[in-house]
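The lines below spell out each chain.
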Amino acid sequence: SNDIEWDQAADGLDPNEVDVKPTTLAKLDESGNPEKGILIVKLRPGQEVKLTCIARKGIGKDHAKWSPVATAVFTFVPDIRIDQALMDTLTEDQRRAWIASCPTQVFELDPTTRRVIVKDPEAYTYDGECIKKAAEMGVPGLVEITPRSDDFVFRVETTGALPPATVVVWALETIEEKLKGTQEDIKKLIM
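A brief structural summary.

Cut-off values and rules
- Residues numbered from 1 in each chain as written.
- Predicted model: local features only at pLDDT ≥ 70, side-chain atom pairs only at ≥ 80, totals over all residues.
- Heavy atoms only, no water.
- Helix = DSSP H or I, 4+ residues; strand = E, 2+ residues; numbered from the N terminus.
- Buried < 20%, exposed > 50% of the residue type's maximum accessible area, 1.4 Å probe, protein only.
- Phe/Tyr/Trp six-rings, centres within 6.5 Å; stacked < 30°, edge-to-face > 60°.
- Lys NZ or Arg CZ within 6 Å of the ring centre and 35° of its normal.
- Salt bridge = Lys/Arg side-chain N within 4 Å of Asp/Glu carboxyl O.
- Core = buried A, V, L, I, M, F, W, Y, C linked by side-chain atoms within 4.5 Å.
- Contact = heavy atoms within 4.5 Å.
- Arc of directions from axis to C-beta.

**Some thoughts on unusual backbone geometry**
Here's step 1: One non-glycine residue with positive phi stands out, namely glutamine 105, at about 55 degrees.
Here's step 2: Mapping glutamine 105 onto the fold places it in the loop between helix H2 (92–100) and strand S2 (107–109).
Here's step 3: Residue class for glutamine 105 comes out exposed when judged on its relative accessible area of 54%.
Here's step 4: Positive phi is not limited to glycine here, since arginine 114 has a value of about 60 degrees.
Here's step 5: Looking at the secondary structure, you find arginine 114 in the loop between S2 and strand S3 (116–118).
Here's step 6: Accessibility expressed as a relative area gives 30% for arginine 114, which makes it partly exposed.

**Describing the packing of aromatic side chains**
Here's step 1: Within this structure, the stated rule accounts for 4 aromatic pairs.
Here's step 2: Summarising the aromatic geometry, the rings of phenylalanine 74 and phenylalanine 76 are spaced 5.6 Å apart at their centres and angled 85 degrees between planes, so their arrangement reads as edge-to-face.
Here's step 3: Judged by its relative accessible area of 47%, phenylalanine 74 falls in the partly exposed class.
Here's step 4: According to the relative accessible area criterion, phenylalanine 76 is partly exposed, its value standing at 34%.
Here's step 5: Just above the ring of tryptophan 66 sits the side chain of lysine 65; from NZ or CZ to the centre is 4.8 Å.

**Notes on the pattern of salt bridges**
Where charged atoms from two side chains of opposite charge approach closely, those side chains can pair.
Here's step 1: Counted under the stated rule, the structure contains 8 salt bridges.
Here's step 2: Between aspartate 79 and arginine 81 there is a salt bridge, with the nearest N and O atoms lying 2.9 Å from each other.
Here's step 3: For arginine 96, the salt bridge identified is with glutamate 92, shortest N-O distance 2.8 Å. One end of the pair, arginine 96, and the other, glutamate 92, are both in helix H2, 4 residues apart, so they sit about a helical turn from each other.
Here's step 4: Accessibility expressed as a relative area gives 43% for arginine 96, which makes it partly exposed.
Here's step 5: According to the relative accessible area criterion, glutamate 92 is partly exposed, its value standing at 32%.
Here's step 6: Among the charged side chains, a network of salt bridges with common partners joins Asp88, Arg95 and Arg115.

**Some details on the nonpolar core**
Here's step 1: Counting residues in each nonpolar core, the largest one holds 19 residues, and the members touching the most others are Trp98, Phe107, Val116, Cys130 and Val143.
Here's step 2: Every element with two or more residues in this core is listed here: strand S1 (69–82), H2, S2, helix H3 (129–136) and strand S4 (143–158).
Here's step 3: Ignoring anything within four residues of it in the chain, the contact list for valine 116 reads Ile82, Gln84, Met87, Arg95, Trp98, Ile99, Phe107, Glu108 and Leu109.

**A word on the side chain of arginine 95**
Here's step 1: Residue placement: arginine 95 occurs in helix H2.
Here's step 2: On the accessibility criterion, arginine 95 (11% relative accessible area) is buried.
Here's step 3: Once residues within four sequence positions are removed from consideration, arginine 95 is found in contact with Met87, Asp88, Leu90, Leu109, Arg114, Arg115 and Val116.

**Observations concerning H2**
Here's step 1: Arg95, Trp98 and Ile99 are the residues of H2 that are buried. Projected onto a plane normal to the axis of H2, the buried residues spread over an arc of 100 degrees and lie on a single side. Exposed side chains of H2 directed beyond 90 degrees from the buried face belong to Asp93 and Ala100.
Here's step 2: In this fold, the buried residues of H2 make contact with helix H1 (84–87), S2, S3, H3 and S4.

The structure is reproduced here in structure tokens:
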């Protein structure tokens with residue numbers, strides 16, 4: 001795909017006036033040289049391929065192939081409260097076992113105070129493992145975890161066509177335009 005050339009003169013276009021060129025998705029390798037790109041067809045020496053390409057612009061609403069987003073997820077930030085009085089009844093080995101029960105490493109043992117603290121609340125996946133472990137250890141109510149409805153984390157992963165920040169800004173602008181249109185429609189209905 002890196003070797004594609006557009007014969008603009010064959011299409012009746014003046015190459016000096018039209019500034020359209022084929023693009024490539026090839027990246028640079030470790031030494032800074034471009035990679036070979038995507039193989040379209042293998043040719044023998046002296047062979048060539050003539051083809052007609054049609055480019056269509058679309059939006060993700062019409063078909064997923066035009067969507068620049070791979071995943072978009074939001075999760076509520078958890079409000080994590082450790083009952084330190086109950087935690088103080090556990091030995092250090094029990095505390096370490098309880099910390100290890102959370103698969104996403106939300107908690108850690110503070111090296112100076114030897115108390116369990118919340119290291120990364122956003123890492124909690126609402127799996128309930130640390131709550132189950134506390135119940136197994138005979139200390140139910142050791143931790144209380146509730147989702148905060150006023151605070152959330154929004155993650156956007158793109159296909160690489162656009163940066164995530166651009167996708168989010170464009171999405172917010174589109175929502176704003178649609179809300180303005182809805183607002184105008186409501187005003188027309190009221191009057």
